[in-house]
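Fold and contact review
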Amino acid sequence: MAETCTRKLIVEVCNAKNLMPKDGQGTASAFATVDFDGQRRRTKTKFRDLNPEWDEKLEFLVHDTESMATDILEISLYNDKKTGKRSTFLGKVKIAGSAFVKSGGETLVYYPLEKRSVFSQIKGELGLKVYYIDEDPPAPPAEQKPEAKAPETEENKPAQEAKPEEEKKEEEKKEEPKTESDKEVKKEEEKPSRPPPQEENPKKAEEAAPPVKVENLPLAESEKQPSKEEKEKAEIVKRSEVTISDLELRSLASDRSRSAYDLVDRMPFLYVRVVKAKAAKNESKIPVYAKLVIGTHSIKTKSQSDKDWDKVFAFDKEGLNSTSLEVSVWTEEKKENEEATQECSLGTVSFDLQEVPKRVPPDSPLAPQWYTLESETSPGNEVMLAVWIGTQADEAFQEAWQSDSGGLLPETRAKVYLSPKLWYLRLTVIQTQDLHLGSGSEAKVRNPELYVKAQLGAQLFKTGRTTFGSTSSSSANPTWNEDLVFVAAEPFEPFLTVTVEDVTNGQSVGHAKIHVASMERRTDDRTEIKSRWFNLAGGETKPYTGRIHVRVCLEGGYHVLDEAAHVTSDVRAAAKQLAKAPIGILEVGIRGATNLLPVKTMDGTRGTTDAYVVAKYGPKWVRTRTILDRFNPRWNEQYTWDVYDPCTVLTIGVFDNGRYKHDEAAGKQHKDVRVGKIRIRLSTLDTNRVYLNQYALTVLLPSGAKKMGEIEIAVRFSCSSWLSLIQAYTSPMLPRMHYVKPLGPTQQDILRHTAMRLVTARLTRSEPPLGQEVVQFMLDSDTHMWSMRRSKANWFRVVGCLTRVATLARWTEGIRTWVHPPTTVLMHVLLVAIVLCPHLVLPTVFMYAFMILAFRFRYRQKIIFNMDSRLSYVDMVGPDELDEEFDGFPSTRSQDVVRIRYDRLRALGGRAQTLLGDFAAHGERLEALWNWRDPRATGIFVVFCLVASLVFYVVPFKVFALGSGFYYLRHPRFRDDMPSVPISFFRRLPSFADQIL
């Protein structure tokens, strides 16, 4: 990319809002400086304006396109000191290179201004558009032209150098009163334009090649330009630096590969790479194949006439029942009179497995060698192959034939899947004009009712009905002003179809198609979307039936939920411009399973299980290889995810593979059977610590709950910055648009199920497909459906929380009735202290809380919580309740009126069940705060209690009450539309909702 085109970064500094006054007169004269990759640009100064608008486009050259994602773009705002003597800094914005988008996908994004230090007084937002353009390099000039012009440029060089020096002196005289910030900008501009070190000997440079005249100097360059040779040498130096950095990255990658399997056990595999064969007699047209035999294992390559296979075979060493390997080469010859083929051996070569060399990455691959085939009938034949003993970390393992997973079956291979990127598409139907509803007399008589229907793929939404007539202007132009929200997945559907329907006769008035890829995208509610008019077409006979006024856009400020809210694994916004840097890395080692129960029968004689594991976190799904016919499979595979929010959940499911066996008689594949599922909440993990545990696999069947076995998982959550990790607890869980312009609960539920269907449809079309039953089980698609068992579980969760209150009430009653006299006497003393020293009440309460939490730190839970069958209430559920839970929606049990009423009751019961679970989750979050379930959150609360006790010891209670009242009744101007820090902190606390089956 870097060799064939030139990349430019375009930064459009649009405007700023609500800047902090800095000139001492209630205003500010702001200008912006933009720094990127050693280049600096500056905008004009907007005098005395707290909401300046620049609308300036600044260009930067991207020197290395591969490392652009690691670069940082920094925009700083300053107050021009010509208008005041106060501090000039107004705020800054830093944007990572990974958030840059290609030209065409840019949108206006408002970034909050950041402080330079803790004591900076900064407020406001900066509106920017950042994108990059790839341009083709200009054609190189002819070689003779520079040589012809070289003497002229060399003679004119002194005059050309003297003239800029004189102009520079005059400019310095004129610009003596420049501000300090401008001088800093100038210094930064001069830094990258310093001549390279080779100019210390200018004579040699002039003898090597004459300088070439350069015109149209850019702003960031100085007046003296390096010669052509200097540019080439500088480019060579830069390329060497890039090469060094690439080597460093490769070394880091090699170090990474060494520790890529540190959470799992190394599994020994015998690798055999068969490259090609060479026959003593040149018979090129005869097909030849190689055969590998190890005990009961016998594998053949494809029969080819060119004798080149280049295939790698990996045999699980634990499954081998022999100490020798035999590799033989065979020919297939078909005679004219016979239908069957005749096989002839070209020879055999044997290896003793105890003498096979071992190889561990990052060692180089073992070079294949020629081995003579031993044969009495056909001597002189050779085969090229390599044999070594390695592990699953070997580079050849992923593409090799694997003995424990059935060879080269695509349905049994390990794969990584990515969910499609989802957007919300918002269509605002405003009104219609000039509608043609048949003849004019019919329209006047019947006054039809109209509604608008919009369709995107399989999604269909309708507006409300409105009456069309000619008695008033409002009814003559039907108006709706309703929003229809869809879920769009990349790559987008080609068109959004908008249709105006007539309810009276059930016919379509006309339709219009809107191209989805060309729709405007926005990241927040401050960007106004322009409305558009579209002509309605009624068909070939009616090319024009009116027009419709709509406003349509792709909402990038939302996160499209495709899983249940309490077990979400990703909370990032859809727009790339709002992307944040990861705060840590999640490493999961899928080691193995034990004591799995048989799921199916093999040949109708014995039970068997072909198990594989699926892990999901964020948009990344991983699938291990399928271990065939084992009740104690060992996968020992390790995967890594980037973590953007600590209060997310990792989901791991175990399944039995039924898709690799094709039923030729029925013409269809079998479905995969669920074996069990576990969830791990990242906020309950200590950072940089390995958790190695075995988790029970329990699956809910129509006959009841059944334990299917255990799975062994190793998890490590690594975080390099504690500050960013703690800061995440004080920020809202979802992006800003979810709070500024929230979606209704019913609408959110519909969109979530729509997103689940889109993700399921995309993953089932992958190769190999991830089955619909697997995706739905991992996403918990039926978690909001009515279930008597879940309702009972949520009810007992509420009872468990209220038990704490009942215990406190019994303790208070015991004090009142003198059950324990010393405690009652102490309460009398405490009552006297409260009356005499009321200002010590709050400090004492917070100090007690600090001491209790610090004491309970020793007894905190150090194991990861898993699915709890007792909490899920699966042991005391009846068969009728399970039959109701496994019944689909709508019900399939009967076809009478009771079905409709029952389905309506189930829909209402599902909402009540969810509400009951949310109420129970609030109580469990309070309990988790005191039980150190989330060690970081409880640690923050402990520090808060200690600080609060000290503050309340100094600050009188009256002052606190007065300040709290004023803060609660503060003017809306001083309120924020985002949730407060305590609310965000409380919502991030863990509950037992993720342990419900």
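Note that the structure is a prediction, hence the values are computed from the model and not measured.

Cut-offs and rules
- Residue indices begin from 1 for each chain and proceed along its sequence in written order.
- For this predicted model, a pLDDT threshold of at least 70 governs which residues receive local features, and a threshold of 80 or more governs which side-chain atom pairs are given and counted, while totals over whole chains, interfaces and linings are taken from all residues.
- Excluded from the side-chain calculations are hydrogens and water; all other atoms, namely the structure's heavy atoms, are used.
- Numbered from the N terminus, helices here are DSSP runs of H or I no shorter than four residues, and strands are runs of E no shorter than two.
- Contact definition: two residues touch when any of their heavy atoms are within 4.5 Å.
- Every accessible area reported is derived by Shrake-Rupley at a probe size of 1.4 Å, with residue values counting cover from the shown protein chains alone.
- Categorising residues by exposure relies on relative accessible area from a 1.4 Å probe, with only protein chains included: less than 20% of the type maximum marks a residue as buried, more than 50% marks it as exposed, and the intermediate range marks it as partly exposed.
- By the convention used here, strands pair only if DSSP detects at least 2 bridges between them.
- Only the stretch in contact is used when fitting a helix axis, every axis being a line fitted to C-alpha atoms; angles between N-to-C directions are given from 0 to 180 degrees.
- For classification, angles of less than 35 degrees are called roughly parallel, those exceeding 145 degrees roughly antiparallel, those between 65 and 115 degrees roughly perpendicular, and all remaining angles oblique.
- Crossing handedness is read from the near helix: turned anticlockwise from the far helix by less than a right angle, it gives a left-handed crossing, and turned clockwise, a right-handed one.
- Throughout this entry, Asp, Glu, Lys and Arg are counted as charged residues, while Ala, Val, Leu, Ile, Met, Phe, Trp, Tyr, Cys and Pro are counted as nonpolar. The remaining residues, Gly among them, count as polar.
- We define the nonpolar core as a collection of buried residues of types Ala, Val, Leu, Ile, Met, Phe, Trp, Tyr and Cys that are connected through side-chain atoms lying within 4.5 Å of one another.
- pLDDT expresses, on a scale from 0 to 100, how confident the predictor is about each individual residue.

Looking only at helices and strands, the protein chain has 19 helices and 41 strands in total. Partitioning the intrachain contacts of the protein chain with sequence separation of at least 6 by distance along the chain shows that 71% fall at a separation of at least 24. Counting every atom, the protein chain has about 54,500 Å² of accessible surface; 55% of that belongs to carbon and sulfur.

A word on the pairing of strand E29 (residues 546-555). With eight of ten residues buried, E29 is to be regarded as a mostly interior element. The sheet contact formed by strand E20 (residues 422-433) and E29 spans nine bridges and is antiparallel. From the neighbouring strand, Leu425 faces E29, where its bridge partner is Leu554. With three bridges joining them, strand E27 (residues 520-522) and E29 adopt parallel strand pairing. In the strand pairing of E29, Arg521 is matched with Leu554.

Within the open sheet, the five strands sit side by side as E16-E17-E10-E13-E18. Their pairing is mixed. Of all the strands in the sheet, just strand E16 (369-372) and strand E18 (401-402) have a single pairing partner and so form its edges. The sheet contact formed by E16 and strand E17 (residues 382-390) spans four bridges and is antiparallel. When the bridges of E17 are listed, Tyr371 appears paired with Val383.

Moving on: the packing of helix H14 (residues 841-856) against helix H17 (residues 935-954). Contact pair H14 / H17: the axes reach a minimum separation of 8 Å and the direction vectors enclose 150°. With respect to their mutual orientation, H14 and H17 come out roughly antiparallel. The two elements H14 and H17 meet at a crossing, and its hand is left-handed. Side by side, H14 and H17 meet where Leu842, Pro843, Phe846, Met847, Ala849, Phe850 and Leu853 of the first sit next to Thr938, Phe941, Val942, Phe944, Cys945, Leu946, Ala948, Ser949, Phe952 and Tyr953 of the second. Its residues assigned to classes, the contact of H14 with H17 comprises 15 nonpolar, two polar and no charged.

Another aspect to go through is the nonpolar core. Judged by nonpolar contacts, the single largest core of 36 residues is most densely connected at Leu586, Val588, Trp641, Leu650, Ile652, Ile711 and Ile713. When contributions to this core are tallied by element, the ones reaching two or more residues are strand E30 (584-594), strand E33 (611-617), strand E35 (634-643), strand E36 (649-656), strand E39 (673-681), strand E40 (690-701) and strand E41 (704-719). With six residues, E41 is the largest single contributor of residues to this core. Look past the residues within four positions of Val588 in its chain and what remains in contact with it is Leu263, Glu637, Gln638, Tyr639, Trp641, Leu650, Ile652, Ile713 and Ala714. Within the second largest apolar cluster, 34 residues are counted, among which are Trp54, Leu77, Phe100 and Leu113.

One can find Thr568 in the loop between E29 and E30. Taking relative accessible area as the criterion, Thr568 reaches 7% and is therefore assigned buried. Setting aside residues up to four positions removed in sequence, Thr568 forms contacts with His559, Leu561, Glu563, Thr648, Val649 and Met733.

Okay, the confidence of the model for the protein chain next. Averaged over all residues, the pLDDT of the protein chain equals 79, while 81% of them reach at least 70. Across residues 142-258, where pLDDT falls below 50, the model places 57 contacts with residues more than four positions away in sequence or in other chains.

Residue Pro491 is reached from Glu490 by a cis peptide bond, and omega for that bond is -10°. Mapped onto the elements of the fold, Pro491 is located in the loop between strand E24 (479-489) and strand E25 (495-502). The phi torsion at Asn595 lies on the positive side, around 55°, for a residue other than glycine. You can see Asn595 is positioned in the loop between E30 and strand E31 (600-602). With phi around 55°, Asp629 is a residue other than glycine that occupies positive phi space. Along the chain, the position of Asp629 falls in the loop between strand E34 (620-623) and E35.

Another point: the packing of helix H10 (residues 745-764) against helix H11 (residues 772-779). Following both chains from N to C, one finds H10 and H11 inclined at 140°, their axes separated by 9 Å at the closest point. When the interaxial angle is binned, H10 and H11 end up oblique. The two elements H10 and H11 cross, and the hand of that crossing is right-handed. Contact residues: Met756, Val759, Thr760, Leu763 and Thr764 in H10; Gln772, Val775, Gln776 and Leu779 in H11.

Moving on, we come to the sheet that holds E34. With antiparallel pairing, five strands are arranged side by side in an open sheet as E19-E34-E33-E36-E39. Lying at the two open borders of the sheet, with one neighbouring strand each, are strand E19 (415-418) and E39. Taken pair by pair, the neighbouring strands of this sheet meet at an average axis angle of 20°, ignoring direction. Alignment of E33 against E34, held across four bridges, turns out to be antiparallel. Bridge pairing in E34 links Tyr617 to Lys620.

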